[in-house]
Amino acid sequence: MGCGHSHHVGYHPKLLGRSESGKARPASESEGPKLESFVVIRVLRADLLRSFDAYGKMDPFAVVEWHQEGTRKEIARTRIDWNADMHPHWDHTCRGQPFKMAGNTMVEFQVMEGNVIGRPSFCGAAKISIGDLAPEPTSEVGTATGPVLKLELKLASGPTCEPEVTGHVFVQALMVQTTVLGRGKTPGLSRVDEGLFEGPIERLGVSGGSAAFFKLHLKPGSGRARDYFIGKDLSHAEDEVTFYEEALALKRQPGVAGLGPLLSYTLEYAGVLTNTEETSAGEKKTELLVMRNLRCGSSKHRFLDIKIGQKTAQAGWQGKSRVAALRQSMVDGITNSSCEGFRLEGFDGRPPALESMDPLLDLGMTGNAKMAKKALRVMLQRMPAAEMLLHWLDLHQEPSDVPNEKLKLQLCTTEVAEIVCHEAVRSLCGLAVACRRSPVPQKWIGSSVGLGFDSGSLPQRKGGEEEVRKSTLVCIFDWGRSELNTMNKHMQLSEKDQLDRGEFWRYYMGGIDRLAWEAARAYQHRFSCSKWSLLTFKVCDFDSMSENDFIGRLCVPVEETPETCADLNSKDGNHVVGDYGWRGSATLTYSITWRPFPQPSRMKGAWRVHLIRAQHLPRQDKMQLRTTSDPMCEITACAADPKGLLCLRQVSSVKVRHLDPEWGETFDLPVANVEDSHLQEALEGAASGLGSCGDVFLAEKIPTWIREQILPQGMHGRSSSRWSWSENNLDNEALDRALDTWKARLDLASATVSPSSGARCREAPVAEHGQMAAPGEKHKIMTEERRTGAIEAAVLSELDARSHKAGSAEEPNLVAVGAEDAIPVLSPPVMIERKGIHQSCWELSGCAACIPST
């Protein structure tokens, strides 16, 4: 292998070939470092064709063996995927192996079925040469990610019998080019010149943790905004400074040790600043971590602090005690971390609708600020992703919307929300792909993902899209319990420690994958509809400690409607009455208008739903010995789509202790242009080929009467969270299958080396378990041109393989996975005929005759 030479310009003295005094170090230390090549293999999943267990479900695991120069050694053993049966998912990263150009190195993947009693059962093996598995090494430092390969698992039945194909295993290889520069060394502190900032510094307070933040002001002439940086007290952030310094040192190295895509999402860090703080006792010197100020340039910053991972603490790790780890594990179990792999720790700039949801309303402790803060944190931690994204994108009350006569000059709230969501989807999907391109697993316990944008103002239409995208932030931070792992560090870890890193990296990747999926689903169901059909108003009594009490609902078509007062109906179709009929029927007043957007807007327009008031509502707080209710309204719009049913839900503010609430709120139902495909653009912007995933984002919520009249039986279930509708019809099996498909397509999109860079033909020896192929026994692996997208290329399709098998004695056993090999998603809901529904309205066209009498 050749040597790479790097040019060190402006680096920290401790990270370069010079001492702090500026004197040159010996030539052995300062000359260009040599490159080392490692192959990192990922065992993703397997699909078995039959069960190898006598009874019950299988518990498969995989063993990876490295065959080189007549010797064989086990390099990895995945975890047991309990009760996975014939479709196990491991997502295991093997220990990196030195790569040599010469030699016929083979890698064998054995799938075993773990038995509680007795030895494991052998399910099949696949063998492939390292030249066919790994991408070709380059002369530069960095990481090249190969395509996902689908290998046949074969089980030898006898010396004269044809081996049985028992399934397929999906694997991927990364070629890592690294250096030995700085191996085993810890970088020192990077000092920031005190003269760049004005003094003295001003304390801002504590945000979440125990470390205080300080306001920093750059002096004129720096070329950046005055408040671009913010300071964090180093005395309470010593557990983070090591991570930031190591990341800064890696960013200054060529290739960033293969972690460049991942570290690009970290906050900008400048170093450590010593400045003067004014206190009651006088001035004192304070050391600060200087990092990017997320609120820079925002008039009102709306920010989500999302803690990633279903397990956010480990006893004995980074000084965590057993008692603290046990307490944290209890928090993980009762919050959204155990459901979706992450939880909401903080929400800055909450919208008025969320502000009106008092978590202590049922207890009557509205004046206790300390207790209200704790209750709010619990409420946020239990909030699922669909709910947190709903409130994050809620701009229907703040800022004030643009009047129609100024639409040609200024963006409206709906357009700003669409651009923000589009940018968040692109960045989160890019983060999910970057995690897969990491050459080694990371142990990032308790770290967070931040989503933010400026919700305080509406920009001008000219240049407004670029301004909104620039203000939209997706970053990863909070490294107090995290370790920055590199290839050099990982190779020195024991097998136990490597498995530990892999376990927590799966937790982290699982949370990122789910968050990216939720963001893409929110965009599809909110901004991808070209024709809304039905609208449902659901009036509820807000309960902070239990499920909201249902009061009544109203279903109407989406069409121009003047101010109308209509009766609310109960679930069984009867009119809702207040105070046992003494006050008359409960009513809801609303109107619907159409608002076109001027060109060149990204959307066609929006239906504006004006929620005016409700009257004569029944009392629901009788258990609290009150004669009132706390009404709120959920507005759900539905429409048919070729890929399934689209549903958009929005919520109003809570009117505390009212039976005749006056809302006066306006909600927008965005309407997209038929020819636009903005979601596909966002996914493709994250990774080439990811844009074909529009069929995996299932609907979040569907009104009950639509479920009963349109969807077939067996497609409904209950939600596990109090923040979700109890009438949710999305069952867990469909959701799990959609998420598995999403993760499989992220794996395919993570390849940086195209499996079809021109028509090419490679040869690889075929070998069954326990038998090496003879030198002359080779088969050709053909790669075809892509036809429908970057992700959908395949070396051999299933039909080509079958036709080849018919004309040849042996079928090829190596296939580059395409989109068709991803886990199939649940088919879209089948529209079935029901009595009382017109033939032309099977697809929710919104015909008024189809609206039930209820």
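Predicted model only: the values in this text are computed from it and were never measured.

Let us now look at the overall build of the protein. A count of helices and strands for the protein gives 17 helices and 32 strands. Counting only residues that meet the buried cut, the protein has 55% of its 854 residues in that class. Excluding contacts between residues fewer than 6 apart, the proportion of contacts in the protein whose partners are at least 24 apart in sequence is 72%.

Residues glutamate 398 and proline 399 are joined by a peptide bond in cis, for which omega reads -5°. Omega for the bond connecting glutamine 599 with proline 600 falls within 30 degrees of zero, at 5°, which places this linkage in the cis form. Following the sequence through the fold, proline 600 ends up in the loop between β25 (587–596) and β26 (605–615). Here asparagine 83, not a glycine, exhibits a phi torsion of approximately 60°, which is positive.

So, about the sheet that holds strand β19 (residues 448–454). Taken in spatial order, the four strands line up as β17-β16-β19-β20 in an open sheet, and their pairing is antiparallel. Of all the strands in the sheet, just β17 (342–348) and β20 (473–477) have a single pairing partner and so form its edges. Mean inter-strand twist for the sheet, computed between neighbouring axes without regard to direction, equals 20°. In the sheet, strand β16 (residues 301–308) pairs with β17 via six bridges, with the strands oriented antiparallel. Paired with phenylalanine 303 across the bridge in β17 is aspartate 348.

Spatially, β24-β25-β26-β29 is the arrangement adopted by the four strands of the open sheet, whose pairing is antiparallel. Edge positions in the open sheet fall to β24 (561–567) and β29 (662–671), since each of these has one partner strand only. Sheet twist, expressed as the average angle between the axes of neighbouring strands with direction ignored, equals 20°. When β25 meets β26, the two strands line up antiparallel, connected through 10 bridges.

As enumerated under the stated definition, the model contains 46 salt bridges in all. Across the pair arginine 79 and aspartate 81 runs a salt bridge whose closest N-O atoms are separated by 4.0 Å. Here arginine 191 ties to glutamate 287 by a salt bridge, and the two come within 2.9 Å at their closest N and O atoms. Taken together, the residues arginine 191 in the loop between β10 (164–179) and β11 (202–206) and glutamate 287 in strand β15 (residues 282–292) connect sequence positions 96 residues apart. Owing to a relative accessible area of 32%, glutamate 287 belongs among the partly exposed residues under this scheme.

Turning to the environment of aspartate 47, a few remarks are in order. As for its placement among the helices and strands, aspartate 47 is situated in strand β1 (residues 35–48). Overall, aspartate 47 belongs to the partly exposed group, its relative accessible area being 23%. Considered as a pair, aspartate 47 and aspartate 85 are 38 residues apart in the sequence and their alpha carbons are 9.4 Å apart. In this structure, aspartate 47 is in contact with Met86, His87, Thr166, Gly167, His168 and Phe170, ignoring residues within four places of it in sequence. A distance of 3.2 Å separates a polar atom in the side chain of aspartate 47 from a polar atom in the side chain of arginine 45.

Our focus in this paragraph is the packing of helix α10 (residues 413–436) against helix α16 (residues 732–749). Look at α10 against α16: their axes get within 9 Å of each other, and the N-to-C directions meet at 65°. Viewed along their axes, α10 and α16 adopt a mutual orientation that is roughly perpendicular. Between α10 and α16 the crossing geometry is right-handed. Across the interface between the two elements, Cys429, Ala432, Val433 and Arg436 of α10 pack against Trp742, Lys743, Leu746, Asp747 and Ala749 of α16.

The next point concerns the environment of leucine 659. Along the polypeptide, leucine 659 turns up in the loop between β28 (644–651) and β29. With a relative accessible area of 13%, leucine 659 lands in the buried category. A sequence separation of 41 residues divides leucine 659 from proline 618, and the C-alpha atoms of the two residues are 6.9 Å apart. Every residue in contact with leucine 659, bar those within four places of it in the chain, is listed here: Arg583, Ala614, Gln615, His616, Leu617, Pro618, Arg619, Thr627, Thr628 and Ser629.

What follows is about the packing of aromatic side chains. For the coordinates displayed, the defined rule picks out 17 aromatic pairs. Ring plane angle 85° and centroid distance 5.0 Å describe the contact between tyrosine 228 and phenylalanine 229, whose orientation is recorded as edge-to-face. Judged by relative accessible area, which is 7%, phenylalanine 229 ranks as buried. For the pair phenylalanine 537 and tyrosine 590, a centre-to-centre distance of 5.2 Å together with 45° between the ring planes defines the contact as tilted. On the criterion of sequence distance, the pair formed by phenylalanine 537 in strand β22 (residues 534–541) and tyrosine 590 in strand β25 is long-range, its members being 53 residues apart. Per residue, the accessibility class of phenylalanine 537 equals that of tyrosine 590, and both read buried. Taken together, Phe243, Trp444, Trp479, Trp505 and Tyr508 form an aromatic cluster joined through their ring pairs. Across from the ring centre of phenylalanine 170, 3.8 Å away, lies the NZ or CZ of arginine 45, which sits over that ring.

Within the secondary structure layout, alanine 749 lies in helix α16. Here the alpha-carbon distance between alanine 749 and valine 433, two residues 316 residues apart in the chain, equals 7.1 Å.

In an α-helix there are 3.6 residues to a turn, and that puts residues three or four apart on one side. Taken together, the buried positions of helix α11 (residues 464–471) are occupied by Gly464, Val468 and Arg469. Down the axis of α11, the buried set is contained in an arc of 135°. They therefore lie on one face. For α11, exposure combined with an orientation more than 90 degrees from the buried face picks out Glu466 and Lys470. Next to the buried residues of α11 lie α10.

Attention now moves to the pairing of strand β6 (residues 106–113). As a general feature of sheets, a regular strand has side chains that alternate between the two faces. Here β6 lies mainly inside the structure; eight of its eight residues are buried. Of the two faces of β6, both are covered, the one formed by Met106, Glu108, Gln110 and Met112 as well as the one formed by Val107, Phe109, Val111 and Glu113. Sheet analysis places strand β2 (residues 60–68) next to β6, joined by eight bridges and oriented antiparallel. In the strand pairing of β6, phenylalanine 61 is matched with methionine 112. Relative to strand β7 (residues 121–129), β6 is paired through eight bridges, and the arrangement is antiparallel. In the sheet register, methionine 112 faces β7, and the bridge partner there is phenylalanine 122.

Before going further, it helps to examine the packing of helix α13 (residues 495–527) against α16. Between α13 and α16, whose axes approach to 10 Å, the crossing angle comes to 105°. Taken together, the axes of α13 and α16 lie roughly perpendicular to each other. Residues Asp513, Arg514, Ala516 and Trp517 of α13 touch α16, and the partners they reach there are Leu735, Ala738, Leu739, Trp742, Lys743 and Leu746. Per-class residue counts for the contact of α13 with α16 are seven nonpolar, no polar and three charged.

Per the stated rule, a full pass over the model turns up zero disulfides. Here cysteine 555 stays free of any disulfide, with the sulfur of cysteine 638 as its closest cysteine sulfur at 8.7 Å. Given a relative accessible area of 14%, cysteine 555 falls into the buried group.

We now examine the side chain of glutamate 345. With respect to the element layout, glutamate 345 can be found in strand β17. What makes glutamate 345 buried here is its relative accessible area of 14%. Among the polar contacts made by the side chain of glutamate 345, one reaches the side chain of arginine 343 at a distance of 2.6 Å. There is a polar contact of 3.1 Å between the side chain of glutamate 345 and the side chain of glutamine 381.

Below, the discussion takes up the side chain of glutamine 381. Structurally, the position occupied by glutamine 381 is in helix α8 (residues 369–381). On the accessibility criterion, glutamine 381 (7% relative accessible area) is buried. Residues contacting glutamine 381, with those up to four places away along its chain left out, are Val331, Thr335, Asn336, Arg343, Leu344 and Glu345.

Take α10 next. When the terminal C-alpha atoms of α10 are compared, their 35 Å separation across 24 residues agrees well with the 34 Å that a helix rising 1.5 Å per residue should span. With 23 of 24 residues buried, α10 is to be regarded as a mostly interior element.

Each value, and the rule that gives it
- Residues numbered from 1 in each chain as written.
- Predicted model: local features only at pLDDT ≥ 70, side-chain atom pairs only at ≥ 80, totals over all residues.
- Heavy atoms only, no water.
- Helix = DSSP H or I, 4+ residues; strand = E, 2+ residues; numbered from the N terminus.
- Buried < 20%, exposed > 50% of the residue type's maximum accessible area, 1.4 Å probe, protein only.
- Contact = heavy atoms within 4.5 Å.
- Pairing = 2+ DSSP bridges.
- Axes fitted to C-alpha atoms, helices over the stretch in contact; angles between N-to-C directions.
- Salt bridge = Lys/Arg side-chain N within 4 Å of Asp/Glu carboxyl O.
- Polar contact = N/O pair within 3.5 Å; in protein donor to acceptor, adjacent residues only side chain to side chain.
- Parallel < 35°, antiparallel > 145°, perpendicular 65-115°, else oblique.
- Left-handed = near helix turned anticlockwise from the far one by under 90°.
- Phe/Tyr/Trp six-rings, centres within 6.5 Å; stacked < 30°, edge-to-face > 60°.
- Lys NZ or Arg CZ within 6 Å of the ring centre and 35° of its normal.
- Arc of directions from axis to C-beta.
- Nonpolar A, V, L, I, M, F, W, Y, C, P; charged D, E, K, R; others polar.
- Disulfide = S-S within 2.5 Å.
- Expected span 1.5 Å × (residues − 1).

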